[in-house]
Amino acid sequence: MLTELQSTHSWIDLLGGRDHEAPDAFAAIAREARWRQIACNAQAVPEDIMISRWEDSRQASRHDATTPPGRYFVGIALKTTRAILTRGERVIFDGIMPPGTLYVSAPSRQLSVQFQAPCAFLHLHISVDHFPARWSQGAEGLDDLVLLRDSLTAGLAKALAEQGDAAGYQFARCIGQILAMRLARSESPRAKVNALPKWRLRRVEHHIATHFERSISLSDLANVAGLSRMHFAAQFRAATGYRPREYLLNHRIEQAKSLLTTTERPLAEIALAVGFSTQAHFSTVFKRISGQTPARWRMAAKNQRPDVEALPRRRPSWDGDRFAGTAA
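Labelled according to an unreviewed UniProt entry, the protein chain appears under the name Helix-turn-helix transcriptional regulator, originating from Bradyrhizobium campsiandrae.

See below:
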């Protein structure tokens, strides 16, 4: 049986990203000169689903915006960043946003953001007509919803971002409609797990950065944080969007990318240097996260900028209490 994500991709593939006639005033994916501000012809009638892209290479920036009446705003992270979302004195989110992170703001609501790292987002501006009518009649509805690493959202955003400026109008609109339908069916999680406090998180991040080439277990990281394994795993994921072993593997792969682009060391040597016991397992995990084998990634990197970045595609597998790929 096809999964929801596979079924969606099959539908998208039928469109093929081919160009369709679009309203003159709207590109398939508009570029934002300012956060959440789409430049368009003032005489044009806004589409019920508009998609834009926001990118900021600065290490720190702050922005404010108010969602227009009659629309929901949806942001989808295309790369990992750190952000703080606030409304007035209320903190909605404070932590790491991995690729695929989705957050929603209701009509006529103000929202502020502080980015603490470079960022790239797809923004969808969706008419309330795509959501249940009862949402506009009272307090019920989506507001301040943050979903970390939603698999379907990540897949849809990736499909659209890969098309870029070549995305056809109908292709982009189709993805916007699918996302609207998914949000209309979603329920905001009521039971929340407290995020790992920042001081504990920094200790864990430092431990991984310092010892990533060694064998590190879930128990090791829980001890560093001063918590039980169960509480640590839940709070770490709430704070970062990653399971602990995902974070470790992603960190190892980022270190491997640096070695691939700055040295000519053999793959087997790089695998051992970043904490994998075999080249075969290193290659498997690298492809899961980056979408390419280490050899292909190295070749592509030589033909592009040295800082080429490959976003995670799929999640690696969990292997008991130990992180898959660690040396014995």
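Here the narrative resumes.
Quick look at the overall build of the protein chain now. Check the secondary structure of the protein chain and you find 10 helices and 11 strands. Buried positions account for 47% of the 328 residues belonging to the protein chain. In the protein chain, the proportion of contacts linking residues at least 24 apart, taken out of those at least 6 apart, comes to 74%. Here the protein chain displays about 16,500 Å² of accessible surface, and carbon together with sulfur accounts for 51% of that area.

Evaluated as defined, the whole model comprises 9 aromatic pairs. Considering the side-chain rings of Tyr242 and Tyr247, the 6.2 Å spacing of their centres and the 85° angle between planes classify their relative orientation as edge-to-face. Residue Tyr242 shares its accessibility class with Tyr247, and that shared class is buried. Ring centres of Phe276 and Phe282 lie 5.5 Å apart, and the angle between their planes is 55°; on these two criteria the pair is classed as tilted. Connected via pairs of aromatic rings, a cluster forms that spans Phe73, Tyr103, Phe115 and Phe121. Just above the ring of Trp35 sits the side chain of Arg36; from NZ or CZ to the centre is 5.1 Å.

A few words now on the nonpolar core. The biggest cluster of nonpolar side chains holds 34 residues, and the ones touching the most others in it are Val204, Phe232, Phe236, Phe276 and Phe282. Of all the secondary structure elements, the ones that give two or more residues to this core are α4 (198-211), α5 (218-225), α6 (229-240), α7 (244-262), α8 (267-273), α9 (279-290) and α10 (294-302). Ranked by the residues each element gives to this core, the list is headed by α7, at 7 residues. In contact with Val204, not counting residues within four places along its chain, are Leu196, Leu221, Val224, Ala225, Phe232 and Phe236. Core analysis: the second largest hydrophobic core is formed by 30 residues, Ile29, Ile51, Ala157 and Cys174 among them.

This part takes up helix α3 (residues 169-185). Counted at 1.5 Å a residue, the expected span for α3 with its 17 residues is 24 Å, and the 25 Å between its end C-alpha atoms agrees. Residues of α3 that are buried: Tyr169, Phe171, Ala172, Arg173, Cys174, Ile175, Gly176, Ile178, Leu179, Ala180 and Leu183.

For the rest of this paragraph, the subject is the sheet that holds strand β1 (residues 30-34). Strand order in this open sheet of 7 strands is β2-β1-β3-β10-β5-β8-β11, and the pairing throughout is mixed. Bordering the open sheet on either side are β2 (37-38) and β11 (145-147), each of which pairs with just one other strand. When β1 meets β2, the two strands line up antiparallel, connected through 2 bridges. The partner of Glu32 across the bridge, within β2, is Ile38. Along the sheet face, helix α2 (residues 151-163) touches β3 (49-56), β5 (71-77), β8 (102-105) and β10 (119-127) and points at about 100° away from the line of β10. Against the sheet, α3 makes contact with β3, β5, β8, β10 and β11, and its axis sits at roughly 95° relative to β3, the strand it touches most.

With that settled, the discussion passes to the sheet that holds strand β6 (residues 81-87). Strand pairs in the sheet, formed through backbone hydrogen bonds, run parallel or antiparallel to each other. Read from one edge of the open sheet, 4 strands run β4-β9-β6-β7, paired in antiparallel fashion. The open sheet has two edge strands with one neighbour each: β4 (61-66) and β7 (90-97). Strand-to-strand twist across the sheet, computed as the mean angle between neighbouring axes with direction ignored, equals 15°. In this sheet, strand β9 (residues 110-115) lies alongside β6 in antiparallel orientation, the contact comprising 4 bridges. Within the sheet, the bridge partner assigned to Leu85 lies in β9 and is Val113.

With that settled, consider the packing of α7 against α10. Put simply, α7 and α10 touch, their axes get as near as 9 Å, and they point 55° apart. One finds that α7 runs oblique with respect to α10. Crossing handedness for the pair α7 and α10: right-handed. On the side of α7, the interface is formed by Lys257, Leu259, Leu260 and Thr261, while α10 contributes Pro294, Trp297, Arg298 and Ala301. Tallied by class, residues from the contact of α7 with α10 come to 5 nonpolar, 1 polar and 2 charged.

The next thing to look at is the pairing of β7. Relative to β7, β6 runs antiparallel, the two sharing 7 bridges. From the neighbouring strand, Thr81 faces β7, where its bridge partner is Met97. Taken together, β6 and the strand that follows it, β7, pair antiparallel across an intervening segment of 2 residues, in which Gly88 is found at a positive phi of about 65°.

In this section: the side chain of Arg36. Within the secondary structure, Arg36 is located in the loop between β1 and β2. The charged side chain of Arg36 is buried without a salt bridge, its nearest counter-charge being Glu32 at 7.0 Å. Among the polar contacts listed, one links the side chain of Arg36 to the side chain of Thr67, at a separation of 2.7 Å.

It is worth spelling out the confidence of the model for the protein chain at this point. Note: predicted coordinates in regions of low pLDDT should not be interpreted at a detailed level. Across the protein chain, pLDDT averages 77, with 74% of residues at or above 70. For the protein chain, the element scoring lowest by mean pLDDT is helix α1 (residues 4-15), at 43; α8 scores highest, at 95. Confidence drops under pLDDT 50 across residues 1-26; counting only partners more than four residues distant or on other chains, this segment forms 49 contacts. Between residues 306-328, whose pLDDT stays under 50, and residues either more than four places distant or in other chains, the model counts 72 contacts.

Cut-off values and rules
Residues numbered from 1 in each chain as written. Predicted model: local features only at pLDDT ≥ 70, side-chain atom pairs only at ≥ 80, totals over all residues. Heavy atoms only, no water. Helix = DSSP H or I, 4+ residues; strand = E, 2+ residues; numbered from the N terminus. Buried < 20%, exposed > 50% of the residue type's maximum accessible area, 1.4 Å probe, protein only. Contact = heavy atoms within 4.5 Å. Areas by Shrake-Rupley, 256 points an atom, 1.4 Å probe, with all protein chains shown as cover. Phe/Tyr/Trp six-rings, centres within 6.5 Å; stacked < 30°, edge-to-face > 60°. Lys NZ or Arg CZ within 6 Å of the ring centre and 35° of its normal. Core = buried A, V, L, I, M, F, W, Y, C linked by side-chain atoms within 4.5 Å. Expected span 1.5 Å × (residues − 1). Pairing = 2+ DSSP bridges. Axes fitted to C-alpha atoms, helices over the stretch in contact; angles between N-to-C directions. Parallel < 35°, antiparallel > 145°, perpendicular 65-115°, else oblique. Left-handed = near helix turned anticlockwise from the far one by under 90°. Nonpolar A, V, L, I, M, F, W, Y, C, P; charged D, E, K, R; others polar. Lys, Arg positive; Asp, Glu negative; His and termini not counted. Salt bridge = Lys/Arg side-chain N within 4 Å of Asp/Glu carboxyl O. Polar contact = N/O pair within 3.5 Å; in protein donor to acceptor, adjacent residues only side chain to side chain. pLDDT = per-residue confidence, 0-100.

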